Amino acid sequence: MRPGERTAIAAALKVSDARFRAISDASPLGILVSDELGNCLYTNEAYQKISGLTFEQALGSNWSLAIQPEDRQRVLAEWSAAASGRTPFQSEVRFLRSDGSVVWARLNAVAMRIGKSAHGNVQTVEDITARKAVETQLRLAEEALFAEKERAQVTLNSIGDAVLTTDPEGRLTYLNAAAEVMTGWSGEEARGRPLAEVFNIIDGSTRQIAANPAQVAMAEDKVVGLAADCVLIRRDGGESAIEDSAAPIHNREGRVVGAVIVFHDVSASRAMTLKMAHMAHHDFLTGLPNRALLTERLEHAMASANRRRKQTAVLFLDLDYFKHINDSLGHGIGDQLLQAVAERLSTCIRATDTLSRQGGDEFVILLADIEQAQDAANVGEKLLAALALPQQIGDHELHVTLSIGISIYPDDGKTAETLMKNADTAMYAAKASGRDNYQFFKAEMNAEAVRHLLIENNLRRALARGEFVLHYQSQIDLISGAMTGTEALVRWLDPDLGLLQPEQFIPIAIECGLIVPIGRWVLREACRQVKAWLDAGLPVVPVAVNVSAAEFRHKNFLAGVASILAETGLAPHYLELELTESSLMSDVEASLSVLRALKAMGLQLAIDNFGTGYSSLSYLRHFPIDTLKIDRSFVCALATSEGGEGEAAFVGAVIGMGRNLKQRVIAEGVETLEQLTFLRARQCAQGQGFHFSRPLSATEFASLLVAERQQVASPSPG
Ligand code: C2E
Ligand code: MG
């Protein structure tokens, strides 16, 4: 080559080189040229800016010099893989610059070939830091979103409430686990279906389809509660009572984009409420309506009878002698019998009538809308016939009968209360006329008179069957606390009415004259009992027996007392007779002779309820009386805030008189310590009352006597 040519070529090369540099420096991409060993031959300005290396620093060193050490291995491995596969090399790496900053770069390399031989590589380097940052942010946001979703999902699936969501068209978008169980639909199957298909709800009482709560929540853009008494029909047809609410879902702009329904099963609590309501209106033993429900229905029936110009009947039923069965065979048998009877009675009435149990052995039947009273009589016949066959209860074949009283609305009463009361009175009339029958209420029937009649009838039977018992109440020495006597008090164990107190039957017995044979029974029983205790070696105290005026004036009274003493063998000083002032005062002369005769026989005599009669104290002096029993009403008034000064003065006077006449004074009805303290302060000798002991059965009283003996045997100090 000629020198001129060489110069020209050198000049052209220089231009070409300058052009190349200018082009490469103008490029925003970094450019690195390396030899076949990877050592840097050239870098452009952009490369220097990205890598943080100067031209000189890069020159001659391996192209991977600027790469962050953690990335270097990977990139070199990718490089050699690309080289061996003769494919272009591409990678994303971090450059670690000398100032410590990191730059993300995208590398692209192509081999430089001249002919078939390789002459190193050209790499372009793109700064992708900004893009990477955005990517990282996006990834973090995605992760956060995922975690959030996951959290919501887990929460929704672990809560007991069922949750489902819909889109604005009311199609299902989501069900949590509880909603899947309650609807019977899986989330997958349900998704996209109309809400009503999956969340199929009806009104529990009308069985009509209930309003779609999601639709309402979205339309009105507010939270709405589900209708009360809402029932969800499961996919398999099963039902559960549910309760809860629906709310709209909003997007960021506040637009409604769906709804969420939250609900839960209230079947158990609703069932409990129903059960409670049932219990409040039904009898526990028989499951029949109770008094409350009957009254409700009766009022309803009266109103309806009014409108339809019809009548309503109330049948009051009482089992005859049920108490006797209950007491002798036990409550278990009694309960079973009541259930069996309820069963039979229920077959005698229409579905629109009501059979109810009032408690005990009383049932009430309400016949709604009858045409005439005869209809009620027909039902009465049916009821009596239904019980005609005996009942098999356990091992017992029991035959029970009914007494039925009937009242008719509107003739026998305009209110439920009057109708019931009158039917009850009529029932007593049925009992009084021999039981096992029915009676209509009649205007002339007076509740008290009917009861009287019944008791009178029953008293005759009671005497014959020995239904009376005696209870014993102790009389106490107020200083020593020792028992000084006892009073025999009669009780009546009626098989129908239960245990009756003397007030409930003694006045009736007096009225109808039955008091005489009853009094004789009491006297005999008291003497027999005390003699038996004596024979058993108990430390017996004298027994006081109440004698009514009718008995006292009866011509056979003295003979009766004498024969009973002889018959029972009781020593007369163990017997005291309690008489009232009025029986003594009605015929003073006659009284005096009887009293003297009794004293002559060796008996003790007491005036009962002293202070309530109008006895002249001067007469009293003439009577051979041993004991004055101060009436309960005076003792009751002592030591009260109402004063009781008059009573206190009277009690004081009686105590003084008793002391003068050497009579024993007993204060009756001592109930409180205050009364006792007062009586002691006035030196009242003896007392009787609940404060010391209630009247006890013979067995209980015998135990008291035994305890008394033990106390006497080992007196406590003081
Ligand atoms: P009574 O002769 O005045 O008998 C005392 C009554 O007072 C008894 O009532 C007794 O339970 C009650 N009593 C005793 N301590 C207290 C007390 O601390 N507070 C109160 N509030 N009451 C007390 P009971 O047993 O109901 O007898 C009532 C009445 O019936 C007797 O009054 C008596 O007049 C009559 N009675 C009882 N048994 C017979 C009897 O066999 N024959 C007759 N003819 N009458 C009898
Ligand atoms: Mg008495």
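With respect to the overall build of the protein chain
Piece 1. Summing up its helical and strand segments, the protein chain has 27 helices and 29 strands in all.
Piece 2. Compactness check: the protein chain gives a C-alpha radius of gyration of 55 Å against a globular reference of 27 Å for 718 residues, more than 25% above the reference.
Piece 3. If one aligns the C-alpha atoms of the protein chain with their principal axes, the spans along those axes are about 190 × 80 × 50 Å.
Piece 4. Across the 718 residues in the protein chain, those meeting the buried criterion constitute 43%.
Piece 5. A separation of at least 24 residues holds for 58% of the contacts in the protein chain among residues at least 6 apart in sequence.
Piece 6. Here the protein chain has roughly 36900 Å² of accessible surface; of this, 56% comes from carbon and sulfur atoms.

Focus on the packing of helix α12 (residues 322-329) against helix α13 (residues 331-346)
Piece 1. In contact at an axis separation of 6 Å, α12 and α13 are set at 140° when each is read in the N-to-C sense. Classified by the interaxial angle, the pair formed by α12 and α13 is oblique. Touching Phe-322, Ile-325, Asn-326 and Leu-329 of α12 are His-331, Ile-333, Gly-334, Leu-337 and Leu-338, all from α13.
Piece 2. Considered class by class, the residues forming the contact of α12 with α13 number six nonpolar, three polar and no charged.

Structural notes on the domain arrangement of the protein chain
Piece 1. Domain parsing of the protein chain yields domain 1 (3-127), domain 2 (159-271), domain 3 (287-443) and domain 4 (510-694).
Piece 2. Taken over C-alpha atoms, the centre of domain 1 sits 66 Å from the centre of domain 2.

Examining the sheet that holds strand β1 (residues 30-34)
Piece 1. With respect to topology, five strands assemble into an open sheet ordered β2-β1-β5-β4-β3, the strand pairing being antiparallel. Here the strands that pair on one side only, and so sit at the sheet edges, are β2 (40-43) and β3 (89-96). For this sheet the average axis-to-axis angle between neighbouring strands, irrespective of direction, equals 25°.
Piece 2. For strand β4 (residues 102-114) and strand β5 (residues 117-127), the ladder comprises nine bridges, and the chain directions are antiparallel. Within the sheet, the bridge partner assigned to Ala-111 lies in β5 and is Asn-121.

Let's talk about unusual backbone geometry
Trans peptide bonds make up most of the peptide bonds, and negative phi angles are found at most residues other than glycine.
Piece 1. Geometrically, the link from Tyr-409 to Pro-410 is a cis peptide bond, its omega value of 5° lying close to zero.
Piece 2. Along the chain, Pro-410 turns up in the loop between β18 (402-409) and α15 (416-432).
Piece 3. Despite not being glycine, Asp-369 has its phi angle at roughly 50°, a positive value.
Piece 4. By the secondary structure assignment, Asp-369 is in strand β15 (residues 362-370).
Piece 5. Positive phi is not limited to glycine here, since Lys-662 has a value of about 55°.
Piece 6. Of note, Lys-662 is situated in the loop between α25 (645-660) and β27 (664-667).
Piece 7. Looking at Lys-662, the relative accessible area reads 75%, which means it is exposed.

Re the sheet that holds β15
Piece 1. With mixed pairing, the five strands of this open sheet are ordered in space as β14-β15-β13-β18-β19. The sheet is open, and its two borders are formed by β14 (354-359) and β19 (437-440), each paired with just one other strand. Here the average twist between neighbouring strands, direction ignored, is 20°.
Piece 2. Summarising the sheet, strand β13 (residues 311-319) and β18 pair through eight bridges and their orientation is antiparallel. Each bridged residue has a counterpart across the sheet, and for Phe-316 the counterpart in β18 is Gly-405.
Piece 3. Strands β13, β14, β15, β18 and β19 of the sheet are contacted by α15, whose axis makes an angle of about 145° with β18.

Notes on the site of ligand 1
Piece 1. By nearness alone, 23 residues border ligand 1, and Arg-491, Asp-608, Arg-632, Glu-671 and Phe-690 come closest of all.
Piece 2. In this structure, Arg-491 approaches ligand 1 through a side-chain N or O atom, which is 2.9 Å from an oxygen atom.
Piece 3. Glu-671 places a side-chain nitrogen or oxygen 2.5 Å from a nitrogen atom of ligand 1.
Piece 4. Secondary structure elements with two or more residues in the shell around ligand 1: β21 (483-494), α17 (502-511), α18 (515-535) and β25 (604-610).
Piece 5. The element that contributes the greatest number of residues to the shell around ligand 1 is β21, accounting for four residues.

Looking at the pairing of β4
Piece 1. When β3 meets β4, the two strands line up antiparallel, connected through eight bridges. Of the residues in β4, the one forming a bridge with Phe-95 is Val-103.
Piece 2. Joining the antiparallel neighbours β3 and β4 is a turn of five residues, in which Gly-100 adopts a positive phi near 90°.
Piece 3. Linking β4 to β5, which pair antiparallel, is a turn of two residues; within it Gly-115 sits at a positive phi near 65°.

Looking at the packing of helix α11 (residues 291-308) against α15
Piece 1. Running from N to C, α11 and α15 cross one another at 110°; their axes reach a closest spacing of 10 Å. With respect to each other, α11 and α15 are oriented roughly perpendicular. In the packing of α11 onto α15, the handedness of the crossing is right-handed. Residues Arg-291, Leu-294, Thr-295, Leu-298, Glu-299 and Met-302 of α11 form the contact with α15, whose participating residues are Ala-416, Leu-419 and Met-420.
Piece 2. Taken together, the residues that form the contact of α11 with α15 break down as six nonpolar, one polar and two charged.

Re the packing of aromatic side chains
Note on aromatic pairs: each is described by the distance of the centres and the angle between the planes.
Piece 1. Applying the stated criterion across every chain yields a total of 18 aromatic pairs.
Piece 2. Linked through ring pairs, Phe-468, Trp-492, Phe-505 and Trp-521 together constitute an aromatic cluster.
Piece 3. Here the guanidinium or amino end of Arg-235 rests over the ring plane of Trp-185, the centre of that ring lying 3.8 Å away.
Piece 4. The ring of Phe-690 has Arg-694 sitting right over it, with the charged end atom 3.9 Å from the ring centre.

Notes on a nonpolar patch on the surface
Piece 1. On the surface, Met-1, Ile-9 and Leu-13 cluster together to form a nonpolar patch covering roughly 330 Å² of accessible area.
Piece 2. Mapped onto the elements, Ile-9 comes out in helix α1 (residues 3-26).
Piece 3. On the basis of relative accessible area, Ile-9 is assigned to the partly exposed category, the value being 42%.

A short note on the coordination of the magnesium ion (ligand 2)
Piece 1. Protein coordination of the magnesium ion (ligand 2) is provided by Glu-487 (OE), Asn-546 (OD1), Glu-578 (OE) and Asp-608 (OD), with donor distances spanning 2.1 to 2.3 Å.
Piece 2. On the basis of relative accessible area, Glu-578 is assigned to the buried category, the value being 1%.

Some thoughts on α12
Piece 1. For α12, every residue scored as buried is listed here: Phe-322, Ile-325 and Asn-326. Viewed end-on, α12 has its buried residues packed into an arc of 95°, placing them on one side of the element.
Piece 2. Its buried side turned inward, α12 meets β13, α13 and β17 (396-398).
Piece 3. Downstream of α12 by a residue or two, Gly-330 has a phi angle that is positive, lying close to 100°.

With respect to the pattern of salt bridges
Piece 1. This model, assessed by the stated rule, comprises 38 salt bridges.
Piece 2. Across the pair Arg-207 and Glu-239 runs a salt bridge, and its minimum N-O distance is 2.5 Å. Of this pair, Arg-207 sits in the loop between β8 (200-203) and α9 (213-220) while Glu-239 sits in strand β11 (residues 239-250), and the two are 32 residues apart along the sequence.
Piece 3. Between Asp-318 and Lys-431 there is a salt bridge; the shortest N-O distance is 2.8 Å.

The rules we used
- Residues numbered from 1 in each chain as written.
- Chains lettered and ligands numbered in written order.
- Predicted model: local features only at pLDDT ≥ 70, side-chain atom pairs only at ≥ 80, totals over all residues.
- Heavy atoms only, no water.
- Helix = DSSP H or I, 4+ residues; strand = E, 2+ residues; numbered from the N terminus.
- Rg over C-alpha atoms; globule rule 2.2 N^0.38 Å.
- Buried < 20%, exposed > 50% of the residue type's maximum accessible area, 1.4 Å probe, protein only.
- Contact = heavy atoms within 4.5 Å.
- Areas by Shrake-Rupley, 256 points an atom, 1.4 Å probe, with all protein chains shown as cover.
- Axes fitted to C-alpha atoms, helices over the stretch in contact; angles between N-to-C directions.
- Parallel < 35°, antiparallel > 145°, perpendicular 65-115°, else oblique.
- Nonpolar A, V, L, I, M, F, W, Y, C, P; charged D, E, K, R; others polar.
- Domains from an automatic or database assignment.
- Pairing = 2+ DSSP bridges.
- Near = heavy atom within 4 Å.
- Polar contact = N/O pair within 3.5 Å; in protein donor to acceptor, adjacent residues only side chain to side chain.
- Left-handed = near helix turned anticlockwise from the far one by under 90°.
- Phe/Tyr/Trp six-rings, centres within 6.5 Å; stacked < 30°, edge-to-face > 60°.
- Lys NZ or Arg CZ within 6 Å of the ring centre and 35° of its normal.
- Patch = residues over 30% accessible without salt bridge, like charges linked within 9 Å, V, L, I, M, F, W, Y side chains within 5 Å.
- Salt bridge = Lys/Arg side-chain N within 4 Å of Asp/Glu carboxyl O.
- Donors = N, O, S within 2.8 Å, 3.2 Å for Na, K, Ca; no water.
- Arc of directions from axis to C-beta.

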